[in-house]
Amino acid sequence: MDDLDLYVQLNGVELLEQIEEDAEIVLQKSNYIDPFESLSDRQFIALYRLSKDLATRVIHMVTPYMKAPSRSSALTIKQKVMTALRFFASGSYQMDIGVSQYASVSQPTVSRIVEEVTTALCCPEIFEEIVHFPRNFVELNAVRKGFYDNFKIRGIVGVIDCTHIAIVPPKTEDLTYPEHIYVNRKGYHSINTQLICDVNLRILNVSARYPGSSHDSHIWNTSKVKMLMMDLHAQGHKSYILLGDSGYALRPWLLTPFLDPRPDSPEANYNDSVCKARSTIGRCNGVLKMRFRCLLKHRTLHYAPNKASKIINSCVVLHNLCIMDNIPLYNEDFDNQEVDYGICQQNNVENTNIDDKGNPDLIAGQQARQQIVDRYFT
């Protein structure tokens, strides 16, 4: 077969795929029911997790970053966004989304739609505007005040933890990211995702690019937020701290609980207060995954790691928009007791690196923590 024959055959295959897709979309348009018109507000939120008003704003938000339909038979950007929202919300296999009367398209089409919508939501112009750590002292002080008003602990500007998002096993022959490094401590393949949230459960920072075997402390050590917190303290702004669990190294900018304090001691009272504040990140993780069930362990993202990371980041964008709009969470049909939120508890050791002993930052962290105990819990 010469190059011309191959070129003609490839063009023929491409044309046939286009004809099949056009026929599919024509059928979709004939069966399509507009959810904005046919659903009540409550039904709409239950199905898509966003309100009608917020969904409309998201459609307008991503439109400049998506390809406009070039044919009258093509899906509109509105239909694509709604199809992707339903996938994020349900976490079911894509064919289940595709046969819905609100998005009756095939599984391959849904997959392409999810890729296009997540790419738009993850573009810097959208993502960095909606998901960002406080950018100035006004924003830092607002977050700090929120934590103080709720927990009476001064200085907290975020709570940090990692959560595992289940994915299908990646290709074993990948030299850069081989399959085995995605197996986490619970024995399944995942993306270990770092979250930092404020008291209102708004996610201030997300890192969704590390394989499941990565330790929480390793992800934190590569974080831009760590560098920011260190810079703040180096410049004398020491009244801003994060809270983490004992899997993180104690530092003056990241405080952790005491290990096994004596009952009813000042240290135990400190732990109680800190644990209440730290529960914010657990609730944030739970709300994120209950709202967008594609992130739940038993749903499993059937995508390569890089695409799974984009889906996680897209859900974080939508989560923050829901938090800012006070969108209610409707999950009456789900048994919370059976949910695995993907938080793998790290070893209960205050400093996992034995070489950390004697580190001046560790000593400064111990002193900062003790000052809080002496001032507020004795």
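Residues numbered from 1 in each chain as written. Predicted model: local features only at pLDDT ≥ 70, side-chain atom pairs only at ≥ 80, totals over all residues. Heavy atoms only, no water.

1. So, the pattern of salt bridges
Opposite charge on two side chains permits them to pair, given that their charged atoms come into close proximity. Taken as a whole, this structure holds 10 salt bridges when the rule is applied. Across the pair Lys 310 and Glu 115 runs a salt bridge, and its minimum N-O distance is 3.1 Å. You can see Lys 310 sitting in helix H13 (residues 305-324) and its partner Glu 115 sitting in helix H7 (residues 107-121), a full 195 residues away along the chain. Owing to a relative accessible area of 27%, Glu 115 belongs among the partly exposed residues under this scheme. Residue Asp 149 is joined to Lys 145 by a salt bridge in which the shortest nitrogen-to-oxygen separation is 2.7 Å. Of this pair, Asp 149 and Lys 145 both sit in helix H9 (residues 137-151), 4 residues apart, which is roughly one turn of that helix. Look at Asp 149 and you get partly exposed, because its relative accessible area is 40%. (Salt bridge = Lys/Arg side-chain N within 4 Å of Asp/Glu carboxyl O. Helix = DSSP H or I, 4+ residues; strand = E, 2+ residues; numbered from the N terminus. Buried < 20%, exposed > 50% of the residue type's maximum accessible area, 1.4 Å probe, protein only.)

2. Here we look at the layout of surface pockets
Space left empty within the atom packing is revealed by a probe, the size of a water molecule, rolled over the atoms. If you add up the space inside the largest pocket, you get close to 540 Å³. Counting residues per element, the ones that place at least two in the lining of the largest pocket are helix H8 (124-130), strand E3 (203-211) and helix H11 (224-234). Ranked by the residues each element gives to the lining of the largest pocket, the list is headed by E3, at 6 residues. By residue class, the composition of the lining of the largest pocket is 12 nonpolar, 6 polar and 4 charged. Computed from the structure, the second largest pocket encloses a volume of approximately 420 Å³. Of the residues belonging to the lining of the second largest pocket, the class tally is 9 nonpolar, 4 polar and 5 charged. (1 Å grid on protein atoms, 1.4 Å probe; cavity = no way out; pocket = protein on both sides within 12 Å on 5 of 7 lines; lining within 4 Å. Points joined across faces, edges and corners; volume = space filled by probe spheres on them. Nonpolar A, V, L, I, M, F, W, Y, C, P; charged D, E, K, R; others polar.)

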